[in-house]
Amino acid sequence: MDRSVADLRQNYTKAGLVRAEIAADPLAQFETWFNQAVEAQLPEPNAMTLATATPEGQPSARMVLLKGFDARGFVFYTNYNSHKGHQLEANPQAALVFWWEALERQVRIEGKVTPIDPTESDAYFASRPHGSQLGAWASPQSQEVDSRAVLEQNLQELEDKYRDREVPRPPHWGGFRVIPDRIEFWQGRPNRLHDRFNYCRDNAGNWQIERLAP
Ligand SMILES: Cc1cc2nc3c(=O)[nH]c(=O)nc-3n(C[C@H](O)[C@H](O)[C@H](O)COP(=O)(O)O)c2cc1C
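This report concerns the structure included in the present document. (Residues numbered from 1 in each chain as written. Predicted model: local features only at pLDDT ≥ 70, side-chain atom pairs only at ≥ 80, totals over all residues. Heavy atoms only, no water.)

Things to note about the nonpolar core
And step 1. Judged by nonpolar contacts, the single largest core of 32 residues is most densely connected at F30, F74, W100, V107 and I109.
And step 2. A per-element tally of this core places helix α1 (residues 26-39) first, with 5 residues.
And step 3. Residues within four places of F74 in sequence aside, it is in contact with L27, F30, L66, G68, F69, L96, I109, F176, R177, V178, P180 and I183.
And step 4. Among the nonpolar cores identified, the runner-up in size contains 12 residues, and L134, L158, Y162 and V167 belong to it. (Core = buried A, V, L, I, M, F, W, Y, C linked by side-chain atoms within 4.5 Å. Buried < 20%, exposed > 50% of the residue type's maximum accessible area, 1.4 Å probe, protein only. Helix = DSSP H or I, 4+ residues; strand = E, 2+ residues; numbered from the N terminus. Contact = heavy atoms within 4.5 Å.)

As for the site of the ligand
And step 1. Surveying the vicinity of the ligand reveals the residues R62, M63, V64, L65, Y77, T78, S82, H83, K84, Q141 and S142.
And step 2. A distance of 3.3 Å is found between an oxygen atom of the ligand and a backbone nitrogen or oxygen belonging to H83.
And step 3. Within the side chain of S142, one N or O atom sits 2.6 Å away from an oxygen atom of the ligand.
And step 4. Residue assignment for the shell around the ligand shows that the elements contributing at least two residues are β2 (59-65), β4 (73-79) and α2 (83-90).
And step 5. The element contributing the most residues to the shell around the ligand is β2, with 4 residues.
And step 6. The class makeup of the residues in the shell around the ligand is 4 nonpolar, 5 polar and 2 charged. (Near = heavy atom within 4 Å. Polar contact = N/O pair within 3.5 Å; in protein donor to acceptor, adjacent residues only side chain to side chain. Nonpolar A, V, L, I, M, F, W, Y, C, P; charged D, E, K, R; others polar.)

Observations concerning the packing of aromatic side chains
And step 1. This model, assessed by the stated rule, comprises 20 aromatic pairs.
And step 2. With a centroid separation of 5.7 Å and 35 degrees between ring planes, the pair formed by F76 and F176 is classed as tilted. Highlighted residues: F76 in strand β4 and F176 in strand β7 (residues 173-187), separated in sequence by 100 residues. Each of the two residues, F76 as well as F176, counts as buried.
And step 3. Each ring, one from W99 and one from W186, has its centre 6.2 Å from the other, and the planes form 75 degrees; the classification is edge-to-face. A residue pair is termed long-range when its members are at least 10 positions apart, and W99 in strand β5 (residues 93-100) and W186 in strand β7 qualify at 87 residues.
And step 4. W99 gets classed as partly exposed once you look at its relative accessible area, which sits at 42%.
And step 5. Members of the aromatic cluster, each reached through a chain of ring pairs, are F30, F34, F69, F74, F98 and W100. (Phe/Tyr/Trp six-rings, centres within 6.5 Å; stacked < 30°, edge-to-face > 60°.)

Coordinates in, geometry out; function isn't part of it.
Written out as structure tokens, the structure is:
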């Protein structure tokens, strides 16, 4: 008989997280953990859950790929006319979650969201493979389509159109930056006594660190 879902559980024993060893700046701490996730050769270490919400508070979550981070925040790319794009236009706030299972680590990020500078989107779009560039034009993301054939037909037409030409960035496609005001680092520990450190930006813009109960 299959194990019951309720019986699936893991005891986390790999590492601990102590105040004396975490960085004063959460971006530096994120960089350390992100690099360790890359070095550990985790599949898609930059995959993250992006939660958005309507102004009324109806939430919606999906996976996206982190494509850059620095002191300004965390960047991902998408279709500005998508479901998430419209939610972010109406309510420019979001939450991000990373789960690096093999390292028993979770990172949670919350903050305001802003479209990135179009020149930044241009530069990233230009660096994408030709097929992905065409895909951005071919797919009216989040809209109903009659069949897969419609999308394949779109792609075929675009392939013909851009056979020997550079593909321009669609105006409806680009990046968003999540500007964090809260970042939490979670390290799994035995018996559910996990370590959690939460960085919060205070009114003066400085990061305050607190340990949270698991
Ligand atoms: C691992 C993974 C990575 C993804 N990365 C992106 C991404 O970077 N940008 C994007 O628009 N959609 C990405 N998607 C697809 C989204 O999860 C989602 O289906 C799409 O963006 C439409 O979402 P929306 O209708 O809520 O706007 C990814 C999906 C998976 C499973």
